[in-house]
Each structure stands twice: as C-alpha cells, then as structure tokens.
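# Descriptive analysis of the structure
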Amino acid sequence: MAGNSVVVAVDGPSGSGKSTVSRRLAEALGARYLDTGAMYRAVTWAVLRAGVDPHDADTVAKVTVEAALTIGTDPADPHIAVDGENVDAAIRGAEVTGAVSVVAAVPAVRQHLVSRQREIISAASAAAGIVVEGRDIGTVVAPDADLKVYLTASAAERARRRSAEHETDLAVTQEALSRRDHLDSTRAVDPLTLAEGAVTLDTTELGIDEVVARLVEMLERSRT
Ligand code: C5P
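Per chain, residue numbering runs from 1 following the sequence as it is written. In keeping with the model being predicted, local features are shown solely for residues with a pLDDT of at least 70 and side-chain atom pairs are shown and tallied solely at 80 or more, while totals for entire chains, interfaces and linings include all residues. Think of the side-chain values as coming from all heavy atoms in the structure, minus any hydrogens and water.

## A few points about the overall build of the chain
Counting its regular elements, the chain contains nine helices and eight strands. Here the radius of gyration uses the C-alpha set of atoms, whereas the globule reference equals 2.2 Å times the residue count to the power 0.38. The globule rule puts the C-alpha radius of gyration for 224 residues at 17 Å, and the 17 Å found for the chain is close to it. With respect to the principal axes defined by its C-alpha atoms, the chain has extents near 50 × 40 × 30 Å. Throughout, a contact is declared for two residues whenever any of their heavy atoms are within 4.5 Å. Long-range contacts, defined as pairs at least 24 residues apart, comprise 76% of the intrachain contacts of the chain with a sequence gap of at least 6. For the chain, the accessible surface area stands at approximately 10,300 Å², while carbon and sulfur atoms represent 51% of it. Secondary structure elements follow DSSP: runs of H or I of four or more residues count as helices, runs of E of two or more count as strands, with numbering from the N terminus. To measure how exposed things are, a 1.4 Å probe is used in the Shrake-Rupley method; for residues, cover is taken only from the protein chains shown.

The structure is reproduced here in structure tokens:
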C-alpha cells in the first residue's frame, strides 16, 4: 500500500450503517467511494423499466449487460445513471428495493457487475484510493483490500434506522429488511458472509463519528 492508495472493503446487512460510514470514511481519507448496492439497484431499475420479470434470469442477464451504467465515485456527491438517465432517487423506491435481491442472485448479473467494480477499484487504487461498500466486497470483489470491515447492528436498530430514513412503518420495514437479509445471506452465489481477516464492528450503540474514527485508527495501525 503506497501513499493514499488505500482500498477499504465495507460489508454488512442493510441498516448496519455501511453507506454513511463508507462515505464519511472516504471523505476523511480523501479517497473515492463506490456503492455497489446502487449498481445492483440500477440494474434492477432497468429490468423493471423493460417490463422484465426479475425471476427470468436469462432476460435479466441480457438487460444487465446492455444497460450502460455511469457511476460517480465522489463521496460528497455519489451518483448513478442508466443509459444517461439519472436514477439516484428512483433506485431507492419500494419497487426496486423489493426486487433487487432477486436480480442480485443471478450469477451472470454478479459476474458482470463484479468485473465493472474491479475496474473502478483498480483505477482508484492507482490514484486516491477507494472505500467500497456492499455484501461481497471483502469475500469476492476485493479480497486483498487493505482493511476489510463487517458492520452489524441489532435487527431492531437496523429496522429503526431504515424506517426513520425512509419515513416508513417500522413493522413493514422490519419485515422487508429481514426478507432481503435472508435472500442476501442464503443465495448460492457470493452470499453475505464474514470475509477472512475482516474486522467486525457492531454499530448498534455507536455514533457515526466513533465508527469512522475507529476505522481510521485501524487503517493507520495497519500502515505502520
Ligand atoms: O446496499 P443496498 O441495500 O443498497 O443493496 C441493495 C441490494 O443489492 C442488497 O440487498 C443485495 O441484494 C444487493 N447487493 C449485492 N452485493 C453487493 C451489494 C448489494 O448482492 N455487493
């Protein structure tokens, strides 16, 4: 690891604080930020826009390969577009959220997006460095990352955060979250699991600043 060119992998279930922590950490390090969940969501948006059934794996794979994704990796202003159309807001809607785990379980979709992610990481690691968040970053996408973090939080706290963020009913959010977590951690290809050498951090009782400070400290220690 030379200079600033650090690669940090942040994995964990929904609501564990991954996005906020990863963006803030990238800003603190002067590094880029890649939200791989946004890529799976953007492809899901393209699948739904095309009127394709998310369970039709062959057609989903075709839509994925044909969709032109543009990904901005500035942690202060991350964005994503499909075929030139900005989808930052649309990919956070209930429709995409309800279908994304089905699309993300298609092996050809993962293969395509993982190779895109590796290109982005490779370009950034030769420059400012990058913080990458997802479900399979430490296990599959970047197993050689300088720091691998697995963020968790209690199921109740994760649902509370998501429900506050999206102003949705707590019970409905908890139900949707546990359905998605189950799909993400039991799928055949690249399920959410703790990477070898990853540090686990439970954020249930920790503030963002504290989590980010601990990660910066871990990175500094690993560099000496
Ligand atoms: O992180 P976010 O909740 O936006 O991710 C949306 C979905 O994308 C996850 O529930 C999961 O199904 C999928 N995903 C994935 N692998 C990643 C990132 C996200 O399968 N690296």
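## Topic: the packing of helix 2 (residues 36-49) against helix 4 (residues 94-103)
Fitting a line to C-alpha atoms yields each axis, with helices limited to the stretch in contact; the angle taken between N-to-C directions then spans 0 to 180 degrees. Close contact between helix 2 and helix 4 brings their axes to 9 Å; oriented N to C, the two are set at 105 degrees. In terms of their interaxial angle, helix 2 and helix 4 are classed as roughly perpendicular. Note on element contacts: helix 4 touches helix 2 through Glu95, Val96, Thr97, Ala99, Val100 and Val103, opposite Tyr40, Arg41, Val43, Thr44, Trp45 and Leu48. Here the residues of the contact of helix 2 with helix 4 sort into eight nonpolar, two polar and two charged. Any angle from 65 to 115 degrees is called roughly perpendicular, while one under 35 is roughly parallel, one over 145 is roughly antiparallel, and all others are oblique. Only Asp, Glu, Lys and Arg are considered charged in this grouping, and only Ala, Val, Leu, Ile, Met, Phe, Trp, Tyr, Cys and Pro are considered nonpolar; every other residue, Gly among them, is considered polar.

## Some thoughts on the sheet that holds strand 4 (residues 79-82)
Here, a strand pair is defined by DSSP locating no fewer than two bridges between the strands. Within the open sheet, the three strands sit side by side as 3-4-5. Their pairing is antiparallel. The sheet terminates laterally at strand 3 (69-72) and strand 5 (85-86), the two strands that pair on one side only. With two bridges joining them, strand 4 and strand 5 adopt antiparallel strand pairing. Considered in strand 5, the bridge of valine 82 is made with glutamate 85. Each of strand 3, strand 4 and strand 5 is contacted by helix 2, which is oriented at about 30 degrees to strand 4, the strand it contacts most.

## Brief notes about the environment of aspartate 53
With respect to the helices and strands, aspartate 53 occurs in the loop between helix 2 and helix 3 (57-66). A sequence separation of 50 residues divides aspartate 53 from valine 103, and the C-alpha atoms of the two residues are 9.6 Å apart. Looking at aspartate 53, its side chain comes within polar contact range of the main-chain nitrogen of histidine 55, at 2.9 Å. Whenever a nitrogen or oxygen atom comes within 3.5 Å of another N or O atom, the pair is scored as a polar contact, on the condition that within protein one atom can donate a hydrogen and the other can accept it, and that pairs from neighbouring residues in sequence are kept only if both atoms are in side chains.

## Some points on the packing of helix 4 against helix 8 (residues 170-186)
In contact at an axis separation of 9 Å, helix 4 and helix 8 are set at 20 degrees when each is read in the N-to-C sense. Relative to helix 8, the element helix 4 lies roughly parallel. Read as a crossing pair, helix 4 and helix 8 show a hand that is left-handed. In contact with Thr97, Gly98, Val100 and Ser101 of helix 4, helix 8 contributes Arg179, Arg180, Leu183 and Asp184. Two helices that cross are described as forming a left-handed crossing if the nearer one is turned anticlockwise from the farther one by less than a right angle, and a right-handed crossing if clockwise.

## Topic: the sheet that holds strand 8 (residues 199-202)
On the basis of which strands lie adjacent, the open sheet formed by five strands has the order 2-6-1-7-8 and parallel pairing. At either margin of the open sheet sits one strand with a lone partner, and together these are strand 2 (32-35) and strand 8. When strand polarity is set aside, the average angle formed by the axes of neighbouring strands in this sheet is 20 degrees. In terms of strand pairing, strand 1 (residues 7-11) meets strand 7 (residues 147-152) through four bridges, oriented parallel. Bridged to valine 8 within strand 7 is leucine 147.

## Side note on unusual backbone geometry
For aspartate 83, which is not a glycine, the phi torsion comes out positive at approximately 50 degrees. Take aspartate 83: it is sitting in the loop between strand 4 and strand 5. Backbone geometry at aspartate 190 places phi at a positive 45 degrees, although glycine is not the residue there. Following the sequence through the fold, aspartate 190 ends up in the loop between helix 8 and strand 8.

## Section: the site of the ligand
Working definition: residue near molecule or strand if any one of its non-hydrogen atoms lies within 4 Å of it. The immediate surroundings of the ligand are formed by 15 residues, with Arg41, Arg110, Asp136, Arg180 and Asp184 found nearest. The separation between an oxygen atom of the ligand and a polar side-chain atom of serine 101 is 3.1 Å. Residue arginine 135 places a side-chain N or O atom 3.0 Å away from an oxygen atom belonging to the ligand. Contact with the protein chains removes 98% of the 450 Å² of surface that the ligand exposes when unbound. No other element matches the four residues that helix 2 contributes to the shell around the ligand. Partitioning the shell around the ligand into residue classes produces three nonpolar, four polar and eight charged.

## Details of the pairing of strand 3
Bridge count for strand 3 against strand 4 is four bridges, and the pairing is antiparallel. If you follow leucine 69 over to strand 4, its bridge partner there is valine 82.

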